[in-house]
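Architecture and fold: a report
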Amino acid sequence: MEGGAGITLAALSSTFLVGLSRAMILFIVTSGLSFVLGVLRVPNVAHGSLYMIGAFAAYSISTLFGGGSLGFWLALIFAPLVVALISLIAERTLFCHLYQREHLMLLLFTFALMLILGDLTKIVWGADYRSIMPPPVLQGSVSVFGSPFPKYNLFLLIIGPLVAVGLWLFSTKTKIGKIARAAAVDMEMVGAIGINVSWVFAFAFVLGCLLAGLGGALVSPTISVTIGMDHNIIIEAFLIVTIGGLGNMWGALIGSLIFGITQSFGVLLWPQFAIIFPYLAVVIILTLKPTGMLKAVW
Amino acid sequence: MFGELIRQKSFGVSVAIFIMLLLAPSFLPRFYIYLMAVIFVTALLAMSLNLCVGHGMLFQFHHGVFYGVGAYTAGLLLVKTSLPWWIALIAGPLAAAFAGLLIGMFCIRLNRLYFGMLQISLGSLIWAIAFRWYDLTGGDDGIHGIPVPDFIASTTGSYFFVLIVTVICLLLMFLILKSPFGSTLQAIRDNPERCAAVGINVRHHQLITIVIATFFGGVAGILFVVVEGSIFPDLLFWTLSLEIFIMCLLGGWFTFAGPILGAAIIVSLRTFVGTYTEYWTLILGVILILLIFFLPEGIMGTNYRQLFRSRVKYNGEYQTE
C-alpha cells in the first residue's frame, strides 16, 4: 500500500481512535482549566506546569514501587493528589490574598507560578527524558479494523468519559458542586447568602489542578516526560477552552475532540504541518462564533 | 507639535541621557555596549506593547509574535533574496503591522480576556508555522549569521543604529500619545461606554492602536536582527510575550517611560543572574510575585509618598471602571 492508496479504512479508523484518545487526555486537562476559569474567572497559566508535575510525580511514584503494575495504579491515584497539594499550598499562602485585585494581577500571578514551578521541576527531576511503562494488562495492542491499536489508548477512551460523567454528576448533584456553579455565575450573591467564597475559590482551584495532575499522570506512559511539556499543553488547553466557551465543561469536551481529531488527521495527511490543523480549526470556529461554540458561563 | 515635548519636566533629563548614551561607546567596554543595544531593542518592544496595555487597556497577550514577524521578515529577506538591505528593514515593521491588523481584526470583536486568549491562539499559529517550516525558516534552529550591511555590523555600529531608531520611535510614540488620537485612546481606556456614547468609534480606535503598536513591535524585531544577526522561533513564543508584559508592569504601565525601566531591569538581571544560575525563570517568577503584592503599579507608577506615609495597606485598585 504505497503512495496515493496509502490512506485506507484501517488507517483512517486507527487515526480516528488515536485522535480520540488524545482528545481524552486533552479533555481531562482542559476541563480542569475550564473549571477554574468558570469559578475564578482567571485563565490559570500554571495549569500546564501542574500537568507536567503530575507526569513527573507519576514517574517517581511508579519507579518507587518498582515500575510494575502496582506502581502504575498507585501513581495514577497519588500523582494528582501531589499536584492538588502543591496547588493548595500556593493558593492558601499567596493566591487567596489577591482575589480583591484586578483580574490581570491574578493572571500574572498564575504566570509567575508557572515560571517558578517550571524551574522547580527542573531542580527536582532534572532535564532528562523519562518514560514509564503501562501495567502489563494495558500493554500490547488489539486489532481494530485490521490495524493494531494500543490497549493503553483504549483505556484512555474509557477513562475520559468516566471523568466527564463524574465531573457532571459532581457539579450538578453535589452541594459543593452547585455552590461552585453558582459562584461562577454570581460570586457576590453566593457571598451574600453566607458562603465562604474564598474557600469555594480554593476548592475550585485545587480541583482544577487535580485534573491537570490526573491528565499528566495518564499521559505519562504514552509520551516521554520532560521539561517543556507544560508550554505545549497550556496553549492547546487555552485554545480548547476558547473554542468551547469559557468555563463550559461540555465545551471543553467538544473542543478537545475537535483538537485531538484534527491533530491526528493532520499527522496522517501532512505530517510536517500536523500542528497547524488544530490551530486552523480554532481560527475557523472563532471566525464563525467568536465566543466559542457553547455558552460561556460568564 | 514639538512644543508639548519641550514643555515636559523631564525633557532636559532625557536629552542629557541621550547625549550620555551617544558618548557611551567611547568609554564603555564592548560587552556593555552590546548589552545596552539589547536593552534598547527590548525597551522599544515593551514600549510598543504598553501602547496597547497601559494606554489602551487592551490585553495584548501575544505581542511577541509581531516582534518575531518583524524579525523573521527582515531576516528572511536579507538571507533568501538579493533585495537591498533597507527594503528588508522597512518590510519587517510593515509585515508586523499587517499581521497586527489581521490578528487585531479577529480579536477586536472580543473583550478583555477573550481578546487575549484569541490573540495567544492566533499568535501560536504563526509560531507553529515558523517552527515547522524547516525549508524556509530553519525550524527550531532558526537562521544564524544574517548578513547585515557593514556600517551596522560592528557592535558600535549596531549600537548607534539601534539607539537612534529607538529614540525616533519613542519620540513618535510620545507624539502619538499626546495627539488628539492618544487622548481619545486614554479616554477609551478610562471609560469605554461613555466614549461610545459621545460618538467615538471605540473598536476603530483600538484597532488603529494595535496596528501602531505592532508596527513598533516590528521595528524592535528588525533591530533584534541587526544586533543579534539571527532569528529563531522563541521570538514568537508566548512566554516571551508575557515576559514583555512583566516589563511593562515592573516599570509602571500607566507611565510613559516605565516600560523602558522595566526592560532595562529585566534584561540586565537576566544577563547577570544568568551567569550565576540556570534557574533564571525561577527568579523572574519571584520578582513577579513580589511586584504583584507590593508594587502593582510598577516602579515609576507608584506614589511612594502615599505608600510610606499613610501606612495604609496599599490595595492596588485602579480607577479604570
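Data block above holds the structure.
Every value quoted in this text rests on a predicted model; they were computed, and no experiment measured them. Here the residue index of a chain counts from 1 through its sequence in written order. Here chains are named by letter from A upward and ligands by number from 1 upward, in the order in which they appear as written. Reporting of local features is limited, given that this is a predicted model, to residues whose pLDDT is at least 70; pairs of side-chain atoms are given and counted only at 80 or more, and all residues count toward the totals for whole chains, interfaces and linings. Derived side-chain values reflect all non-hydrogen atoms in the structure, with water molecules and hydrogen atoms excluded from consideration.

In terms of helices and strands, chain B carries 15 helices and two strands. We compute the radius of gyration over the C-alpha atoms and compare it with the globule rule, which gives 2.2 Å times the number of residues raised to the power 0.38. Over its C-alpha atoms chain B spans a radius of gyration of 20 Å, differing by no more than 12% from the 20 Å that the globule rule assigns to 321 residues. Here the C-alpha coordinates of chain B stretch approximately 55 × 45 × 45 Å along the principal axes. We call a residue buried when its accessible area falls under 20% of the maximum for its residue type, exposed when it is over 50%, and partly exposed in between, using a 1.4 Å probe and counting protein chains only. A total of 321 residues make up chain B; the buried ones form 55% of that total. The method behind every accessible area is Shrake-Rupley, applied with a 1.4 Å probe, and residues are considered shielded solely by the protein chains displayed. If you sum the accessible surface of chain B, you get close to 14,100 Å²; carbon and sulfur atoms cover 67% of it. Helix and strand definitions here come from DSSP, where helices need a minimum of 4 consecutive H or I residues and strands a minimum of 2 consecutive E residues; each element is numbered from the N-terminal end.

Take the nonpolar core next. In this structure, Val39, Leu40 and Leu218 of chain A together with Tyr159, Ile231 and Leu288 of chain B are the most contacted members of the largest nonpolar core, which totals 204 residues. Looking at this core, the element that brings in the most residues is helix α3 (residues 30–53) of chain B, giving 17 residues. What makes a nonpolar core is a set of buried Ala, Val, Leu, Ile, Met, Phe, Trp, Tyr and Cys residues whose side-chain atoms join them at distances within 4.5 Å. Grouped together as the second largest cluster of nonpolar side chains are seven residues, Met24, Val144, Phe149 and Leu157 of chain A included.

With that settled, consider the interface of chain B and chain A. Here a residue-residue contact requires only that any non-hydrogen atoms of the pair lie within 4.5 Å. Counting residues at the interface gives 50 residues for chain B and 48 residues for chain A. Take the accessible area each of two parts loses on contact, using a 1.4 Å probe, and add the two losses: that sum is the buried area. Area buried by chain B at its contact with chain A is led by Tyr114, Met117 and Phe293 of chain B, which between them contribute 16% of it. Salt bridge criterion: a side-chain nitrogen from Lys or Arg within 4 Å of a carboxyl oxygen from Asp or Glu. Between the two partners, chain B and chain A, sit zero salt bridges. Elements represented by at least two residues in the side of chain B that touches chain A include exactly α6 (112–132), α12 (238–251) and α14 (280–294) of chain B. Here the element with the most residues in the side of chain B that touches chain A is α6 of chain B; it accounts for 14 residues. Following the grouping adopted for this structure description, the nonpolar residues are Ala, Val, Leu, Ile, Met, Phe, Trp, Tyr, Cys and Pro, the charged ones are Asp, Glu, Lys and Arg, and the polar ones are all others, Gly among them. A per-class count over the side of chain B that touches chain A returns 36 nonpolar, eight polar and six charged.

Further remarks concern the pairing of strand β2 (residues 147–150) of chain A. Residues and elements named next belong to chain A. Of the two faces of β2, only the one carrying Ser147 and Phe149 is buried; Pro148 and Pro150 on the other face are not. Note that strand β1 (residues 141–144) and β2 share four bridges and pair antiparallel. Each bridged residue has a counterpart across the sheet, and for Ser141 the counterpart in β2 is Pro150. Pairing between two strands is assigned when DSSP locates at least 2 bridges connecting them. Linkage of β1 to β2, two consecutive antiparallel strands, is achieved through a turn of two residues, within which Phe145 is found at a positive phi near 50°.

All names here are of chain B. Here the largest pocket is characterised by a volume of approximately 1,300 Å³. Ser14, Leu170, Phe256, Ala257 and Ile260 are, among the 38 residues lining the largest pocket, the residues nearest its centre. Mapped onto the lining of the largest pocket, the elements with two or more residues apiece are α2 (11–23), α3, α8 (155–178), α9 (180–190) and α13 (258–276). Considering only residue class, the lining of the largest pocket consists of 28 nonpolar, eight polar and two charged. Cavity and pocket criteria rest on a 1 Å grid covering protein atoms alone: a 1.4 Å probe that fits but cannot get out defines a cavity, protein on both sides within 12 Å along at least 5 of 7 lines defines an open pocket, and an atom within 4 Å of a point defines a lining residue. Grid points are joined across faces, edges and corners, and a volume is the space filled by probe spheres set on the points.

With that settled, the discussion passes to unusual backbone geometry. The residue Arg41 of chain A is not glycine, and still its phi comes out positive at about 60°. Examined against the element boundaries, Arg41 of chain A turns out to sit in the loop between α1 (9–40) and α2 (47–64). If you check the backbone angles, Met57 of chain B has positive phi at about 55° while not being a glycine. Among the secondary structure elements, Met57 of chain B is positioned in the loop between α3 and α4 (64–80).

All names here are of chain B. End to end, α12 covers 20 Å across 14 residues, agreeing with the expected 20 Å (1.5 Å per residue, within 8%). α12 sits mainly inside the fold: 13 of its 14 residues count as buried. Gly252 lies just past α12 and shows a positive phi near 125°. Between the first and last residue of a helix there are one fewer steps than residues, each counted as 1.5 Å, and that sum is the expected span.

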